[in-house]
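Coordinate inspection notes
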Amino acid sequence: MALKKKIQELKKKRELVQMGGGEKAIEKQIALGKLTARERILKLLDENSFQEYDLFVEHEARDFDMHKKILHGDGVIIGTGSVYGKSVCIFAQDFTVAGGSLGLMHSRKIIKIMDHALKMRVPLIGINDSGGARIQEGVNSLAGYGEIFFRNTLSSGVIPQISVILGPCAGGAVYSPALTDFVFVVNNISKMFITGPEVIKTVLGEEISMEDLGGARVHSEITGNAHFYAESENECFEQIKKLMTFIPWSNRDKPIKQESRLPLPEYDIENIVPDDPRQPYDIRDVVRSVADGSEFFEVQESWAKNMVIGFARMNGETCGFICNQPLVLAGVLDVDSSDKASRFIRYCDAFNIPIITLVDLPGYLPGVDQEHAGVIRHGAKMLYAYSEATIPKMTVILRKAYGGGYIAMGSRHLRADFVFAWPTAEIAVMGPEGAANIIFRKEIMNAENPEKMRKEKVEEYKQKFANPYVAAARGYIDSVIEPSETRNILLHAIEVAKQKSVSLPVKKHGVPPF
Ligand code: HXC
């Protein structure tokens, strides 16, 4: 009987704490179109799989009347559960409790689940909805963030870390998501910024809305901080689950193997790339024409669109695709696209996901803006990432591969394992027009008919270099292939490279051009 009573007591306690900040605060949360922290966890995880810890944690803050405040769960829910029947660790900040602000005990809860995730080698999913450091707890809050950042860094490349921004994510709070692998945002709900509109108004005298400062679109299209954008929380959870079909649970695991499927017949690989090298096309159609079921899961779809990155499957196994996008700026490399590709290469390498690079670019974007924005430093990241990556690397040159772009896009010289080129490939130091103007300048200038001479010289250069055979003659590419052979040749290459084993010189770590 005593036990029954105690169980009743426990149930009541649980119910009370699970109400978070209480009915009014929950109503406010719902009115903003948001789910509660608990609903979010339950929606994301497999049914009945969630096991909560530290429900009864209490804060010990005393200043600013904090001793009078009961903060249920200290504003964060932590626990374990499963997705696709496989274990994950998760935390969700509860905005209904002191605005989800991060005090000492709140941070200790997050730290506990982060440590579990790393020890157990399972993914960590963090749902962020918080006013940032709990102001009343001073340096203890800052210490909490520091401990979280440290763990984000230790876990990087060992377990997947997924951040979901479902409310404000203010001040230093943004840096934990920024250290994780994938950041998900939702329109009208997600807000990320270092200094909020109030501070900007005080310091700079400028008025800006939270949405324009750091809303979901800003981070998906302008800053590149977000990797996935959704219109609703439900769509966001579907995206997370989809991502989790492609990635391994740790750097010692493989992604869940799927059935091999043929690409759909509507993606006819011979009819995607136009004959005229100046005509654009959507490189994603080429990915779809070689990938299982023509399924391509794009990452950072709306940012630096001249580079396309994402996951697809080849014979049931995940590959990372890195492709120039001729539809946008002719697919040039620039500051943002270099950042986008380099980080993705490092992600794939850390988690043993083979990389397939599709090349069609005229080179780096010229201009003062790019030079002053540091295109040298950012472009160097690509060289570093490809050179350092030891996973199987396959490259296909479809059309243009000019200059530094040829080298940077997974070339043989950065140790691609297999490099193929279509017969339409043009591999040269620069495009025929530019090249002819420079090397035949005198002949063109002195000719009776300079325009005619220029055309002849462009043609001469094209004949000599605008093809794949000069590179093939040196063994820089392994085979010139028909477009229709691409999928089977890639499948063969992936199979051959399965047991690939190479090592880098022994060192503590390199010094990439961060
Ligand atoms: C303590 C906080 C808080 C915070 C919000 N609250 N942020 N309490 N510390 N940082 C509390 C509010 O007092 C309020 O409590 C409740 O949460 C809900 O907040 P509201 O302001 O009513 O909500 P809303 O109008 O929706 O505005 C949300 C908000 C705003 C935009 C996030 O609260 C805000 O601007 N907060 C401060 C954001 C910020 O500048 N954070 C940076 C902190 S410094 P009651 O009791 O009234 O319900 C930082 C540095 C860390 O993070 C560096 C680490 C390296």
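Procedures and definitions
- Residues numbered from 1 in each chain as written.
- Predicted model: local features only at pLDDT ≥ 70, side-chain atom pairs only at ≥ 80, totals over all residues.
- Heavy atoms only, no water.
- Helix = DSSP H or I, 4+ residues; strand = E, 2+ residues; numbered from the N terminus.
- Buried < 20%, exposed > 50% of the residue type's maximum accessible area, 1.4 Å probe, protein only.
- Contact = heavy atoms within 4.5 Å.
- Areas by Shrake-Rupley, 256 points an atom, 1.4 Å probe, with all protein chains shown as cover.
- Lys, Arg positive; Asp, Glu negative; His and termini not counted.
- Charge placed at Lys NZ, Arg CZ, Asp CG, Glu CD.
- Near = heavy atom within 4 Å.
- Polar contact = N/O pair within 3.5 Å; in protein donor to acceptor, adjacent residues only side chain to side chain.
- Nonpolar A, V, L, I, M, F, W, Y, C, P; charged D, E, K, R; others polar.
- Axes fitted to C-alpha atoms, helices over the stretch in contact; angles between N-to-C directions.
- Parallel < 35°, antiparallel > 145°, perpendicular 65-115°, else oblique.

**Some words on the overall build of the protein chain**
Within the protein chain, the regular secondary structure consists of 20 helices and 16 strands. Along the longest, intermediate and shortest principal axes, the C-alpha atoms of the protein chain span 100 × 55 × 45 Å. Per-residue burial over the protein chain gives 53% buried out of 514 residues. Restricting to contacts in the protein chain with at least 6 residues of sequence separation, those with at least 24 account for 72%. Within the structure as shown, the protein chain displays about 24700 Å² of accessible surface, and the carbon and sulfur contribution to it stands at 55%. Side chains of the protein chain carry 62 positive and 65 negative charges; the gap between the two charge centres is 6 Å.

**Observations regarding the site of the ligand**
Lining the immediate surroundings of the ligand are 19 residues, of which Gly99, Gly131, Ala133, Ile135 and Gln136 lie closest. Take glycine 131: an N or O atom from its main chain is 2.7 Å from a nitrogen atom of the ligand. In isolation the ligand exposes 1000 Å². Once the protein is present, 54% of that is buried. Mapped by element, the contributors of at least two residues to the shell around the ligand are α5 (139-155) and β5 (161-170). A per-element tally of the shell around the ligand places α5 first, with three residues. Residue composition of the shell around the ligand, grouped by class: ten nonpolar, seven polar and two charged.

**Thoughts on the side chain of serine 337**
As for its position among the elements, serine 337 is in helix α12 (residues 335-350). Setting aside residues up to four positions removed in sequence, serine 337 forms contacts with Ala304, Asn306, Met307 and Val332.

**Re the packing of helix α4 (residues 104-120) against α5**
Two numbers describe how α4 lies on α5: the axes approach to 9 Å, and their chain directions differ by 10 degrees. Taken together, the axes of α4 and α5 are roughly parallel relative to one another. Mapping the contact onto sequence places Leu104, Ser107, Ile110, Ile111, Met114, Asp115 and Leu118 in α4 and Asn140, Gly144, Glu147, Ile148, Arg151, Asn152, Leu154 and Ser155 in α5. Of the residues assigned to the contact of α4 with α5, the class counts are seven nonpolar, five polar and three charged.

**Looking at the environment of glutamine 325**
Counting through the fold element by element, glutamine 325 comes out in the loop between β11 (317-324) and α12. By relative accessible area, which is 2% here, glutamine 325 ends up buried. When the C-alpha atoms of glutamine 325 and methionine 307 are compared, they prove to be 5.4 Å apart, with 18 residues separating the residues in sequence. Those residues in contact with glutamine 325, other than ones at most four positions away along the chain, are Tyr281, Asp282, Ile283, Arg284, Lys305, Asn306, Met307, Val308, Ala330 and Gly331. Reaching out from glutamine 325, the side chain makes a polar contact with the side chain of aspartate 282 at a distance of 2.9 Å.

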